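Listed below, chain by chain, are the residues.
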Amino acid sequence: LDAKAAGEKSIIDSACLGGYSYTIIRPGQLFGGPYDNNYYLGTIFELDKDAATQDVLFGKGDELLGDTLRTTLAEVTAQICEGDFAKE
């Protein structure tokens, strides 16, 4: 986690120096496939049991908020990139 924190600090410092906005996305544990290599394991452990749930929880800083559906993460990331939402 130290390397991850250092990488994020580097992004923040660079954005401050360059004068641009940034967004750091920290999804929880990802679920919702694809299970190309481990489909059977995904089925056994019911990794898709909450696939119908697409709630998005937002926090600031290092805050553990739960699991993230892969398709929801993709949609949120795309919306951040398309709109003017990249704010420190």
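Check the entry above for the structure.
Residues numbered from 1 in each chain as written. Predicted model: local features only at pLDDT ≥ 70, side-chain atom pairs only at ≥ 80, totals over all residues. Heavy atoms only, no water.

A.B. asks: For this particular structure, what's the right way to read helix H3 (residues 70-82)?
C.D. replies: Look at H3: 18 Å from first C-alpha to last across 13 residues, which is about the 18 Å you get at 1.5 Å a residue. All of the buried residues along H3 are Thr72, Leu73, Val76 and Ile80. Axial view of H3: buried residues confined to an arc of 100 degrees, hence all on one face. The exposed residues of H3 that point more than 90 degrees off its buried face are Thr71, Cys81 and Glu82. (Helix = DSSP H or I, 4+ residues; strand = E, 2+ residues; numbered from the N terminus. Expected span 1.5 Å × (residues − 1). Buried < 20%, exposed > 50% of the residue type's maximum accessible area, 1.4 Å probe, protein only. Arc of directions from axis to C-beta.)

A.B. asks: How should the pattern of salt bridges be read in this particular structure?
C.D. replies: Pairing between side chains becomes possible if they bear opposite charge and their charged atoms approach one another. With the rule as written, the count across this model stands at two salt bridges. The residue Arg26 makes a salt bridge to Glu8 at a minimum N-O spacing of 2.4 Å. On the criterion of sequence distance, the pair formed by Arg26 in the loop between helix H1 (2-18) and strand S1 (30-31) and Glu8 in helix H1 is long-range, its members being 18 residues apart. Judged by its relative accessible area of 35%, Arg26 falls in the partly exposed class. On the basis of relative accessible area, Glu8 is assigned to the buried category, the value being 13%. (Salt bridge = Lys/Arg side-chain N within 4 Å of Asp/Glu carboxyl O.)

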